[in-house]
Amino acid sequence: MANRAPIKTSNSALIAMIADEDTITGFLLAGVGNVDLRRKTNYLIVDSKTTVKQIEDAFKEFTTREDIAIVLISQYVANMIRFLVDSYNKPIPAILEIPSKDHPYDPAHDSVLSRVKYLFSTESVASGRR
């Protein structure tokens with residue numbers, strides 16, 4: 001770990017969200033929302049009219065913006081773009097899958113959790129512990 005370059009962060013960073021209206025509303029009421037001078041927001045409300053292309057575009061935008069540190073995405077939305085979520089491997093912004101009101105959390109589909117389980121299973125085997 002000592003050989004790794006430090007991760008660049010600014011003094012303040014945003015949390016981006018891709019989720020259903022109720023989840024987004026809760027986070028906006030908590031003060032997470034942001035609209036910049038170009039009228040760009042840090043969230044995408046997904047409903048029945050939202051296309052997979054719109055979700056993909058928002059995910060790509062949020063993961064390339066330098067002012068975003070965390071992307072919260074509802075797990076059922078992440079399942080729609082699973083190939084993008086699973087192929088994302090940068091530390092910042094971090095991708096966190098969250099449950100929504102109508103779709104419970106399923107740990108079997110969480111890409112971050114599966115990576116952590118893999119990491120700990122290889123460390124256990126490498127160190128001789130089980």
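In the block above lies the structure referred to throughout.
The notes below deal with the structure included here. (Residues numbered from 1 in each chain as written. Predicted model: local features only at pLDDT ≥ 70, side-chain atom pairs only at ≥ 80, totals over all residues. Heavy atoms only, no water.)

## So, the pairing of strand E1 (residues 14-19)
Thinking step 1. Among the six residues that make up E1, five are buried, leaving the element largely enclosed by the rest of the structure.
Thinking step 2. Pairing geometry for E1 and strand E3 (residues 68-74), over five bridges, is parallel. Bridged to Met-17 within E3 is Leu-72.
Thinking step 3. The pairing of E1 with strand E2 (residues 43-45) spans three bridges and is parallel. Considered in E2, the bridge of Ala-19 is made with Ile-45.
Thinking step 4. Where the polypeptide runs from E1 across helix H1 (residues 21-29) and back to E2, its parallel neighbour, the crossover connection is right-handed. (Buried < 20%, exposed > 50% of the residue type's maximum accessible area, 1.4 Å probe, protein only. Helix = DSSP H or I, 4+ residues; strand = E, 2+ residues; numbered from the N terminus. Pairing = 2+ DSSP bridges. Right-handed = clockwise from strand over helix to strand, strands pointing away.)

## Considering unusual backbone geometry
Thinking step 1. Put simply, Ile-92 and Pro-93 share a cis peptide bond, and its omega is 0 degrees.
Thinking step 2. Assignment of secondary structure puts Pro-93 in the loop between helix H4 (82-87) and strand E4 (94-98).
Thinking step 3. Even without being glycine, Arg-39 reaches a positive phi, approximately 65 degrees.
Thinking step 4. You can see Arg-39 is positioned in the loop between H1 and E2.

## As for the side chain of Thr-23
Thinking step 1. Topologically, Thr-23 is positioned in helix H1.
Thinking step 2. By relative accessible area, which is 14% here, Thr-23 ends up buried.
Thinking step 3. A polar contact of 2.8 Å, which involves the side chain of Thr-23, links it to the side chain of Asp-20.
Thinking step 4. Excluding its chain neighbours within four sequence positions, the residues that come into contact with Thr-23 are Ser-74, Ile-98 and Ser-100. (Polar contact = N/O pair within 3.5 Å; in protein donor to acceptor, adjacent residues only side chain to side chain. Contact = heavy atoms within 4.5 Å.)

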